[in-house]
Every structure is written in structure tokens, then in C-alpha cells.
Amino acid sequence: MVSIEFLVEREDKIVFILKDASPALVNSIRRAMKSLVPVLAIDYVDFYVNSSFFYDEMIAHRLAMIPIKTEPGRFKMPKECSCGGVGCPNCQISFRLNVEGPRIVYSGDFVSDDPDVHFVYKDIPVLELFSGQQLMIEAVARLGTGKEHSKFQPVSVCYYKIIPRIEIGEKCDLCGECVSICPRKVFSLDGKIKVSNPLDCSLCMECVKICEAKAIKIVETDDYLFVAESTGAMPAKEVLRQALLILKGKAENFRKMLEELNV
Ligand SMILES: [Zn+2]
């Protein structure tokens, strides 16, 4: 049976072991986390005044990449909203700014229509305004998925690797070559060769190649080490939870479609 064991459970990062899983399952989870979990991002910007040295497009691009706190269920996807995607308080939110130079404009200078929905980091510099320059804009955020654009990705780092089973056989002559060649410091020599950091193994097989006694055996298992870091839009564990819900929904739909095929 597939099971999960968390090694790190922080707001910004999770590390877990997925036991007895298949490559298809673990990769589906990775892909769902990266490209199917919706988060807010700036999607278009109205420029009322921009006398800075920056083109409107450059400023809009920069704003789009700043992560926004997203509470699951708070907003609807535009195409699923009762407004039909035109834009209403249920599917979009505005971030307003009206500042004059000289000063540096930071992400924290924007005022959101809802104080609970804000840029995750307040100290990201957006641009510098010089004396006499003004920027008056309204940036509109909406939900989207990473499949559409990477600005809607809730995770930055999101990867997995197979956890190997490393076996040291009786033929080992304690030469210690594997300890020194391993770039990940997986082995230690303490009377005998010990596999002290199996989770760090990257399956480079250098230890197997260098071992003259042919004592090291590396076996691939059905266990995976999964690492995910959040952009800050939502806690890393919430991204995983949302991804699993989306996959369950998709699997349920797939099952229904198969059941309809009564041949
Ligand atoms: Zn709407």
C-alpha cells in the first residue's frame, strides 16, 4: 500500500518519502503540483500614468512574477465564474499604486482591494523612479494554472528521486575507496563500511565502478524522495493537498467514463 512519511514540514518546503509507489503516481503528483493547482498572479495592468524610464510591458512582466497569497476556494477560475470571465470580485482582485519619485517602488507599496490578499513578499524592488517621475497603475490578479503560464506555478522547486537500497556484501575488503569517491558522502568507514546517508544517493554508481571486490550492490526500490518548495502563494503542504484533490477528481472522472463504455 502506498504511504507517505514527512521528513520536513515547513511553510515554504516539504520533503517526504512516498513508499511503494509507481513512477506514474509520483510523476502525476509532481506534474499536478507544478501545473494544475491554481494560484493568483497579475494578469493585466492598466497604466494611467507612467513617466518612468520603464516601458509599460516591462513593469507588467515584473509584477506578474511576484507571488500573491492565495487561499484555496477564495476565488473562482474566470471561466468558471458566474460573470462569464468578464471580471468580478469573485474571480479577480486589483492592486493599486500611485507614487512619485525619487524613490524605489517595492511590491509592498501596492494596495490590494482585500488586505488578506497581498504580495507574499513586501520587499521586492519593482523599479526606481527618479525626481519628477510618476507611476499610477492598477494591476489585476486572477487565478490560473502553471499549465497556462509559469507565473501561476505555486511551487518553484518540485522534484523526486528514487531511494536506492545500497547493499555492502561480504566481499568488502574495507579499502574505503567508495567512501572517498562518493560525491554525496553516502558511506562512512567505522570499523566497517556503513551506508550512513542513503537518501543523498544520486545513483551515479561511482562506488560500484571503483569497488574492485565488487561488494557494492545498488538496487532501485519503489520508494521515492520528494522535495517541493513553495513560491509563498500557499503553504507547500497545501499545494500537495490541492494536487491530490485534483488528481482524485480526474481519476473519478476517468472511472466514470470507463463505466459508461459498456461493451
Ligand atoms: Zn467573475
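Residues numbered from 1 in each chain as written. Predicted model: local features only at pLDDT ≥ 70, side-chain atom pairs only at ≥ 80, totals over all residues.

Undergrad: Sorry if this is basic, but what is going on with the overall build of the chain here?
TA: Helix and strand counts for the chain stand at five helices and 12 strands. The principal-axis extent of the C-alpha atoms belonging to the chain is close to 75 × 65 × 25 Å. When each of the 263 residues of the chain is scored for burial, the buried share is 27%. Contacts in the chain between residues at least 24 apart in sequence constitute 68% of all its contacts with a sequence separation of at least 6. (Helix = DSSP H or I, 4+ residues; strand = E, 2+ residues; numbered from the N terminus. Buried ≥ 20, exposed ≤ 12 C-beta atoms within 10 Å, placed from the backbone. Contact = placed C-beta atoms within 7 Å.)

Undergrad: I tried to follow the sheet that holds strand S1 (residues 3-9) on my own but got confused; where do I start?
TA: For sheets, the rule is that strands pair by backbone hydrogen bonds, running either parallel or antiparallel. Sheet architecture is open: four strands sit in the order S1-S2-S12-S9, paired in antiparallel fashion. The strands lining the two open edges of the sheet, one partner per strand, are S1 and strand S9 (155-168). Averaged over all neighbouring strand pairs, the angle between strand axes comes to 25°, with direction disregarded. Here helix H1 (residues 23-35) sits on the sheet and contacts strand S2 (13-19), S9 and strand S12 (216-230); the angle it forms with S9, its principal contact strand, is near 160°. Along the sheet, helix H5 (residues 236-260) makes contact with S1, S2, S9 and S12, crossing S12 at roughly 105°. (Pairing = 2+ DSSP bridges. Axes fitted to C-alpha atoms, helices over the stretch in contact; angles between N-to-C directions.)

Undergrad: I would appreciate a short explanation of unusual backbone geometry in the present structure.
TA: Glycine aside, negative phi is the norm for most residues, and most peptide bonds take the trans geometry. Gly101 connects to Pro102 through a cis peptide bond whose omega is 5°. Relative to the helices and strands, Pro102 is located in the loop between strand S4 (92-100) and strand S5 (103-106). Non-glycine residue Asp20 carries a positive phi angle of around 55°. Here Asp20 lies in the loop between S2 and H1. Taking the number of C-beta atoms within 10 Å as the measure of exposure, Asp20 has 12 and is therefore exposed.

Undergrad: Got a minute to help me understand the domain arrangement of the chain in this structure?
TA: By convention, interface size is frequently given as the accessible area that disappears when the constituent parts associate. Taken as a whole, the chain is organised into domain 1 (3-35 + 156-227) and domain 2 (39-152). Between the C-alpha centres of domain 1 and domain 2 the distance comes to 42 Å. (Domains from an automatic or database assignment.)

Undergrad: Please clarify how the sheet that holds strand S3 (residues 39-50) should be interpreted in this entry.
TA: Here four strands make up an open sheet; going across it, the order is S3-S8-S4-S6 and the pairing antiparallel. Looking along the sheet, the strands with just one partner apiece sit at the ends: S3 and strand S6 (111-112). Here S4 pairs with strand S8 (residues 134-144) via nine bridges, running antiparallel. Note on S8: the bridge partner recorded for Arg96 is Glu138. Packing of helix H2 (residues 56-64) onto the sheet brings it into contact with S3 and S8, and relative to S3 it is tilted by some 155°.

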